[in-house]
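Here is how the chains run, residue by residue.
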2 protein chains.
Amino acid sequence: MSETVDAPAERSESHPRSSARQRIVEAATELFSTRGYAATTTRDIADRVGIKQPSLYSHFAVKADILIEVELQTFRPTVERFEALHADKALTAGDRLGQLVEFDVRMLCTGSWNVALLGYLPEVRREGLAAGMAAHSHELFLVYRTLVGEALTENGRTETDLGTLTEVVFSLVEGIILRRVHDPHLDADRLAPAVRDAVLAVVR
Amino acid sequence: MSETVDAPAERSESHPRSSARQRIVEAATELFSTRGYAATTTRDIADRVGIKQPSLYSHFAVKADILIEVELQTFRPTVERFEALHADKALTAGDRLGQLVEFDVRMLCTGSWNVALLGYLPEVRREGLAAGMAAHSHELFLVYRTLVGEALTENGRTETDLGTLTEVVFSLVEGIILRRVHDPHLDADRLAPAVRDAVLAVVR
DNA sequence: GTCTATACCGCGATAGAC
DNA sequence: GTCTATCGCGGTATAGAC
């Protein structure tokens, strides 16, 4: 569960001299995202890395462990960033909500692949492999609910059902994941402000 | 491609005396939605229907054809309904947009299973099996764009990027599909008006 | 740690009797 | 149209040499 990370800071950018384990994780990230988990074979991954299929098992005991590591490396940095944005009390709640939305949409638009979709794949959820992503998503939902609540009171709205409105805001942001399925090359600079403005209009 | 439907009107409700073919489609709808297409085996489907696996091939030539039929039966009625709502010129554009959103959210919330997710599964898209759903989605997008455009002029807004705003509205509605993955029992009566109000706030 | 060889299983689909 | 039997393939994972 808790894993020590000893790298200085800039590690996840994929050095040219990455370890074999790291290259496996990166190949799997692409393949799982574009083909799905069940439809990606261990041979696909090994081919992409340039090793033979059984060599994967020197680094991971079972296929599912590769997916777990993909999750960890994908969502760890974003969670940290969310916490920082959430805590910056120098801004109004509306500004913090807006910044969070913009950051979130940019993450969903600009990652190399549409990794966020992974947590919604039925085979991933059914095999209980989405625990990390579900936890991340739930934590993020709580942050959104806090900010939406603060923004509402800031705007003098006390009548609204906070839970439902947070669901709507969350739906608006996460919907970007599905948009990206239709168009893999979303323009973050165009969409992020538009979604931010939409969220702020909803809580106003 | 074009298939004659000779049933009177009420056929898709699954009679107790359904044909074997129809029971296959209904079992597959549930299994594909909850386990994914690749992860659902033809034996799974046959077991659910109460026949042996090879008997499926008396009704469908290949597994993919079952998915195609699931798509057809799922999306045909909704498209017809969309057309009707879109064409009702007795209402203002805002009202028509609101009604369309409410209807759409209710469809996404209340179907027996989260079928809409099917069109976003990587393995379905990669094998070119999402054509029907993609066409449905594109057609729906055009309807939304028209209504969003009319609502904007109705509200005196001419400055806005119509394409981007339509993407935002669409994202808001489709995001419900992902919400339902987290919570399969969404309350349509609570969410549909909330999403409608959010959309109307965004175009105001 | 990577390789070759292979075990073992479950998949989609076919053949042919009834 | 459904059954039993089975084929051929490709999946994950292991064994053991190097």
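Residues numbered from 1 in each chain as written. Chains lettered and ligands numbered in written order. Predicted model: local features only at pLDDT ≥ 70, side-chain atom pairs only at ≥ 80, totals over all residues. Heavy atoms only, no water.

### Things to note about the relation of the copies chain B and chain A
The two copies are related by a screw operation: chain B maps onto chain A through 180° of rotation and 0.0 Å of translation along the axis, at an RMSD of 0.0 Å. On this basis, the relationship between the two copies can be described by a two-fold rotation axis. Comparing contact sets, 100% of the residues at the interface of chain B also lie at the interface in chain A, consistent with an isologous, same-surface contact. (Least-squares fit on C-alpha atoms with pLDDT ≥ 70 in both. Contact = heavy atoms within 4.5 Å.)

### Some thoughts on the UniProt feature "domain: HTH tetR-type" (unreviewed entry) in chain A
Feature annotation in UniProt places "domain: HTH tetR-type" (unreviewed entry) on residues 18-78 of chain A, given in this structure's numbering. Counted over residues 18-78 of chain A, helix gives 66% and strand 0%. Its end C-alpha atoms are 22 Å apart. (UniProt positions renumbered as here; feature names shortened; annotations may be inferred. Helix = DSSP H or I, 4+ residues; strand = E, 2+ residues; numbered from the N terminus.)

### Thoughts on the interface of chain B and chain A
Taken together, the contact pairs 38 residues of chain B with 38 residues of chain A. Interface of chain B and chain A: buried area, both sides summed, is about 3300 Å²; carbon and sulfur atoms make up 66% of it. Looking only at chain B, the three residues that lose the most surface to chain A are B:E167, B:L178 and B:R179, adding up to 18% of its buried area. At the boundary of chain B and chain A, one finds six salt bridges. Between B:R179 and A:E167 there is a salt bridge, with the nearest N and O atoms lying 4.0 Å from each other. Linking chain B with chain A are 12 residue pairs in polar contact (both at pLDDT 80 or more). Residue assignment for the side of chain B that touches chain A shows that the elements contributing at least two residues are α1 (20-35), α5 (122-126), α6 (131-154), α7 (162-182) and α8 (188-203) of chain B. Looking at the side of chain B that touches chain A element by element, the count peaks at 14 residues for α7(B). (Buried area = accessible area lost by both parts, 1.4 Å probe. Salt bridge = Lys/Arg side-chain N within 4 Å of Asp/Glu carboxyl O. Polar contact = N/O pair within 3.5 Å; in protein donor to acceptor, adjacent residues only side chain to side chain.)

### Re the protein's contact with DNA strand C
As a matter of local geometry, DNA strand C sits amid 16 residues, with A:S55, A:S58, A:H59, B:T42 and B:Y57 nearest to it. Between B:T42 and DNA strand C, the recorded distance is 2.7 Å, taken from a side-chain N or O atom to a phosphate oxygen. In the environment of DNA strand C, a phosphate oxygen lies 3.0 Å from a nitrogen or oxygen atom belonging to the backbone of B:K63. Of the residues belonging to the surface near DNA strand C, the class tally is six nonpolar, seven polar and three charged. (Near = heavy atom within 4 Å. Nonpolar A, V, L, I, M, F, W, Y, C, P; charged D, E, K, R; others polar.)

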